[in-house]
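Fold and contact review
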Amino acid sequence: ALLLFENFFATMGELGFLELPFTAKHGLEVARLESEHRDPFDRALMAQSRLERLPLLSADPMLEGVPGVQRVW
């Protein structure tokens, strides 16, 4: 199982992906979201997407239409 994680992180680096930490500013942004979506993890992803101005890769239609969040899929 450890080898799987090593390959995962190596592949992420090769593809140019970086881990995005969840900070206090992201936590505060969760409360500001104008969304009916109640899932806390999804709300955290939306807050990060909005603050970092990064697209959110998701097939979940509940994440569509949130101001400042660009859902891609």
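Our subject is the structure that appears above.
Note that this is a predicted model, so its numbers are computed, not measured.

1. With respect to the nonpolar core
Listed in full, the six residues of the largest apolar core are L33, M46, L56, L63, V66 and V69. Setting aside chain neighbours within four positions, we find L56 in contact with L45, M46, S49, L63, V69, Q70, R71 and V72.

2. Some words on the side chain of S35
On the secondary structure map, S35 appears in the loop between α2 (24–32) and α3 (40–52). Residue classification places S35 among the buried residues on the basis of a relative accessible area of 13%. Contact partners of S35, with chain neighbours within four places excluded, come to R43, M46 and V66.

3. So, the pattern of salt bridges
Counting across every chain of the model gives four salt bridges. One salt bridge connects E29 with R50, and the closest N-O pair in it is separated by 2.7 Å. Linking E29 in helix α2 with R50 in helix α3, this pair joins segments that are 21 residues apart in sequence. Both residues of the pair, E29 and R50, count as buried. Note that R71 is salt-bridged to E64, the shortest N-O span being 2.8 Å. Relative accessible area serves as the criterion here: at 22%, R71 is assigned to the partly exposed category.

Calculation criteria
For every chain, the first residue of the written sequence is number 1, and numbering continues from 1 onward in sequence order. Totals for whole chains, interfaces and linings use every residue, but because this is a predicted model, local features are given only for residues with pLDDT of at least 70 and side-chain atom pairs only at 80 or more, for both listing and counting. Excluded from the side-chain calculation are hydrogens and water; included are all heavy atoms of the structure. In plain words, nonpolar cores are sets of buried Ala, Val, Leu, Ile, Met, Phe, Trp, Tyr and Cys residues tied together by side-chain atoms within 4.5 Å. The buried label applies to any residue whose accessible area, calculated with a 1.4 Å probe on protein chains only, is under 20% of its type's maximum; exposed applies above 50%, and partly exposed to all values in between. The criterion used for residue contact is that any of the two residues' heavy atoms lie within 4.5 Å. Each helix corresponds to a stretch of at least 4 residues labelled H or I by DSSP, and each strand to a stretch of at least 2 residues labelled E; elements are numbered beginning at the N terminus. What makes a salt bridge here is a side-chain nitrogen of Lys or Arg within 4 Å of a carboxyl oxygen of Asp or Glu, nothing more.

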